[in-house]
2 protein chains.
Amino acid sequence: MEPFDDVYFMKRAFQEARLAYDQGEVPVGAVVVANNRIIARAHNLTETLTDVTAHAEMQAITAASNLVGGKYLNECTLYVTLEPCVMCAGALGWAQLGRLVYGAADEKRGFSKFAPKALHPKTEVTGGVMADDCSDLMTAFFQERR
Amino acid sequence: MEPFDDVYFMKRAFQEARLAYDQGEVPVGAVVVANNRIIARAHNLTETLTDVTAHAEMQAITAASNLVGGKYLNECTLYVTLEPCVMCAGALGWAQLGRLVYGAADEKRGFSKFAPKALHPKTEVTGGVMADDCSDLMTAFFQERR
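Conventions and cut-offs
- Residues numbered from 1 in each chain as written.
- Chains lettered and ligands numbered in written order.
- Predicted model: local features only at pLDDT ≥ 70, side-chain atom pairs only at ≥ 80, totals over all residues.
- Heavy atoms only, no water.
- Pairing = 2+ DSSP bridges.
- Helix = DSSP H or I, 4+ residues; strand = E, 2+ residues; numbered from the N terminus.
- Axes fitted to C-alpha atoms, helices over the stretch in contact; angles between N-to-C directions.
- Contact = heavy atoms within 4.5 Å.
- Least-squares fit on C-alpha atoms with pLDDT ≥ 70 in both.
- Salt bridge = Lys/Arg side-chain N within 4 Å of Asp/Glu carboxyl O.
- Buried < 20%, exposed > 50% of the residue type's maximum accessible area, 1.4 Å probe, protein only.

Novice: I'd love a proper account of the sheet that holds strand 2 (residues 37–43) of chain B, names of residues and values included.
Specialist: Residues and elements named next belong to chain B. The 5 strands lie next to each other as 2-1-3-4-5, forming an open sheet whose pairing is mixed. Looking at which strands have only one partner, the edges of the open sheet turn out to be strand 2 and strand 5 (124–126). Neighbour-to-neighbour, the strand axes of this sheet turn through a mean angle of 15°, independent of strand direction. Where strand 3 (residues 77–82) and strand 4 (residues 99–104) come together, 5 bridges link them in parallel fashion. Across the sheet, the residue bridging to Leu 82 is Ala 104, located in strand 4. Sheet strands in contact with helix 6 (residues 131–144) are strand 3 and strand 4, and its direction is about 60° off that of strand 4.

The following block contains the structure:
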């Protein structure tokens, strides 16, 4: 039994996504983990801040770099409920992220389709963790707004 | 004679790049223009802020959205001394930027090679304005550091 596995941390990212949902934001959440400790957490705030750059991942990178005291996050894992977009993957590439774990795939905006080389070549990638939960939350959000 | 042409505004972006240079930052500068008025200006601050997301364009988007009071910059032109990277192009895509004008091309990190569809399909793009000046400033910066 490993208490700190990918599902454990994705649940924390999912909690962040729920906070976004409750604020009327597209429900995406993220946490950054180093040595089995969460060092940053964030959720999408693009509407609240009127700023397209306020994706969960971008805020998480800024917060984690602050805490680490350096630009590079090569010792960190970022958990995010949705596959990062081109912008966020580009940022994670500059940060030389150690490992990326995402929940639901994003066919329309995901980096793997539109910028497959955006991440650092050494970044390990795992997709599909709690994919159904993450995807269901997105679907519920957009159905409410139709 | 048109006083407010692309060279006029690129010179303002270049002034921002010089500020970055003087601070020991990779010298990239940007201004956002709406109705022939500069509504935001910024230069790269990644070292100063210890934050890979602090590219000139990202800060310019955030500042311009603040001033416009909306997320979308479809009435705006962004002038930047270097071709945007994948991250910045992704952000400009979300912002639905009206027009992008850049100076020097970036063979190694530019979006046109690594994420050619990152911008909004309606964004007009002009490259190569004051390309030699912009490129020379970059070269001088990296030569000093060798």
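Novice: So what's going on with the relation of the copies chain A and chain B? Residues and values would help.
Specialist: Each copy of the sequence occupies a distinct position, and chain A is placed on chain B by a rotation of 180° and an axial shift of 0.0 Å, giving an RMSD of 0.0 Å. Such a combination of rotation and displacement between the chain copies is what one expects of a two-fold axis. When C-alpha distances to the rotation axis are compared across chain A, the minimum falls at Met 87 of chain A, with a value of 1.9 Å. The overlap is high: 100% of the interface residues of chain A also sit at the interface in chain B, so the same surface is used on both sides.

Novice: I'd love a proper account of the pattern of salt bridges, names of residues and values included.
Specialist: Two side chains of opposite charge can pair, provided their charged atoms sit close to one another. Per the stated rule, a full pass over the model turns up 6 salt bridges over all chains. For the salt bridge of Lys 71 of chain B with Glu 47 of chain A, the shortest nitrogen-to-oxygen distance reads 2.7 Å. Residue Lys 71 of chain B is found in the loop between helix 3 (56–68) and strand 3, and its partner Glu 47 of chain A is found in helix 2 (residues 46–49); the two belong to separate chains. On the basis of relative accessibility, which here comes to 16%, the residue Lys 71 of chain B falls in the buried class.

Keep in mind that these numbers describe shape and distance, not what the molecule does.
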